[in-house]
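Summary of structural features
Now for the letters of each chain:
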Amino acid sequence: MAPHRDPEPKPAAPIARQAFSFALGAFTQRRINRILDLAGHAPRLGWPGPSDQILAWGNGVSAKRGAWVAAVTGAQLLHIEDAFLRSVLPGRSGHAPLGLLIDPQACHFDASRPSALEDLLNTYSLECPALLERSAAAMARIAKHKLTKYSGVPRDALCPKPGFVLVIDQTRGDASIEKGAANAQTFQQMLAAARAEHPTAHIVIKTHPETQLGYRAGHFSAEALDDDMELLTHAIAPQDLFAAARAVYTVTSQMGFEAIWAGHRPVIFGQPFYAGWGLTQDMQPIHRRGRSLTPAQLFAGAMIYTRSGMTRAEIRFAVWSMSWINWRQKPAPGATIMPDGKRGVLACGSASHCRSFLAAITRFGFNQNPTHISPLWLGAPARTKMGFITSKMGF
């Protein structure tokens, strides 16, 4: 007997629409332009009509301008954000996202209204054994290879002595904080709660990668901390911290989502998309999310399943591997370090190296109709002996 499978959510019938963008990056960043094109939303310049779409990136000025135009014209607003496994280094280091979240309802971090992702998690079955096996295998492989939003971290980074309480900082002004029903004061409340609930524990505050690189300030400084608190300012894989931490506290950071995969029940002081499903201790409950999910179900809904009309995308790209510098601390034979010289970023130097790296990170299976282009590690165009590779995105 064939195994039971949840049916893939059916995309709506295609509608001939043009997509207009008021963000320069949609035109000047080749990978973003390519992903949008393959997703059926090739950006255009001009004034949209009521049957067209407007691409709104995040919550910035261009997104607000796009929302205003959508209100005036009646065009559909599509909310664009970076994929959950974004890149090797942050965008401010010059690394474009390897995938995008495209949501026709709201940004996934906007707790003021349901996004398409939230509706999927609230309503779709997510009970298929094959789906949950696929989800568990994907979580295990991500943990094994220590992937995260910015995966350019050394594999042998120094980790604090086990038993600490992990408090996760974020950058000041990040849109997910305000849209997640929090503010700068929330971070001080989180730290105070962590100390009150674990009075004898060592507290480790994990700084954001963009703070570590000097791009954006965080909410904590070493000078303002007590003696039994530590500000962790070097790059380290979240999986190493989760394995050594007794508890995890966050406001809206994606690391809270990743902590769930690692078996934690993080304490959440904001309202991120992964809160409210029975997997977190929520200081600000979201009552419209009353469903209880398992970690595998949450992962499946956020990282695997579809919601609407994108076809499977075949994306041509050049592969960067950071594994040999990260894991061996030296380049593989024939490999070439990329011009930015950042530790952990390496261009593949031979076909066998590229193939082994791809084999390590792509055994998730492929989604037929991804809502977002699900991630592999991609890089800016780089010449290798392997040339350019075509890969289908998805877990």
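Residues numbered from 1 in each chain as written. Predicted model: local features only at pLDDT ≥ 70, side-chain atom pairs only at ≥ 80, totals over all residues. Heavy atoms only, no water.

**Some words on the packing of aromatic side chains**
In the structure shown here, the tally under the stated rule is nine aromatic pairs. Each residue in the set Phe84, Phe257, Trp261, Phe273, Tyr274 and Phe299 is aromatic and connected to the rest through ring pairs, giving one cluster. (Phe/Tyr/Trp six-rings, centres within 6.5 Å; stacked < 30°, edge-to-face > 60°.)

**Comments concerning the nonpolar core**
Phe84, Leu121, Leu126, Phe257, Leu298, Phe299 and Met303 are the most contacted members of the largest nonpolar core, which has 33 residues in total. Elements that contribute at least two residues to this core include exactly α4 (116–123), α5 (129–144), α10 (254–261) and α11 (295–304). Sorting elements by how many residues they give to this core places α11 first, with seven residues. Setting aside chain neighbours within four positions, we find Leu298 in contact with Leu121, Phe257, Ile260, Tyr274, Trp277, Leu279 and Leu293. (Core = buried A, V, L, I, M, F, W, Y, C linked by side-chain atoms within 4.5 Å. Buried < 20%, exposed > 50% of the residue type's maximum accessible area, 1.4 Å probe, protein only. Helix = DSSP H or I, 4+ residues; strand = E, 2+ residues; numbered from the N terminus. Contact = heavy atoms within 4.5 Å.)

**As for the side chain of His198**
By the element assignment, His198 lies in the loop between α7 (184–197) and β7 (203–206). Of the residues examined, His198 reaches a relative accessible area of 17% and is grouped as buried. With residues near it in sequence (within four places) discarded, His198 still touches Val165, Arg246, Ala247 and Tyr249.

**What about the environment of Gly74?**
Tracing the sequence through the fold places Gly74 in the loop between α3 (61–73) and β4 (76–82). The exposure class assigned to Gly74 is partly exposed, which follows from its relative accessible area of 47%. Apart from the residues lying within four places of it in its own chain, the contact partners of Gly74 are Pro50 and Val69.

**Some thoughts on the side chain of Thr186**
Within the fold, Thr186 resides in helix α7. Aside from chain neighbours lying at most four places away, what touches Thr186 is Val251 and Phe269.

**Considering the sheet that holds strand β11 (residues 281–282)**
What holds strands together in a sheet is hydrogen bonding between their backbones, with the strands either parallel or antiparallel. Taken together, the six strands give an open sheet; going across it, the order is β8-β7-β6-β9-β10-β11, and neighbouring strands pair in parallel fashion. The two strands at the open ends of the sheet, each matched to only one other strand, are β8 (229–232) and β11. Sitting on the sheet, α7 is in contact with β6 (164–168), β7, β8 and β9 (245–250), with an inclination near 170 degrees to β6. Contacts from α10 reach β6, β7 and β9, with the element oriented near 140 degrees to β6. (Pairing = 2+ DSSP bridges. Axes fitted to C-alpha atoms, helices over the stretch in contact; angles between N-to-C directions.)

**Observations concerning α4**
Among the residues of α4, those classed as buried are Ala116, Leu117, Glu118, Leu120 and Leu121. Looking at the buried residues of α4, the elements they touch are β5 (100–103) and α11.

**Some remarks on the packing of α5 against α11**
A pair of packed helices is characterised by two quantities: the angle between their axes and the separation of those axes. Interaxial distance between α5 and α11 falls to 9 Å at its minimum, and their mutual angle equals 85 degrees. Overall, the two elements α5 and α11 adopt an arrangement that is roughly perpendicular. Within the contact between the two elements, α5 uses Leu131, Leu132, Arg134, Ser135, Ala138, Met139 and Ile142 and α11 uses Pro295, Ala296, Gln297, Phe299, Ala300 and Ile304. Taken together, the residues of the contact of α5 with α11 break down into ten nonpolar, two polar and one charged. (Parallel < 35°, antiparallel > 145°, perpendicular 65-115°, else oblique. Nonpolar A, V, L, I, M, F, W, Y, C, P; charged D, E, K, R; others polar.)

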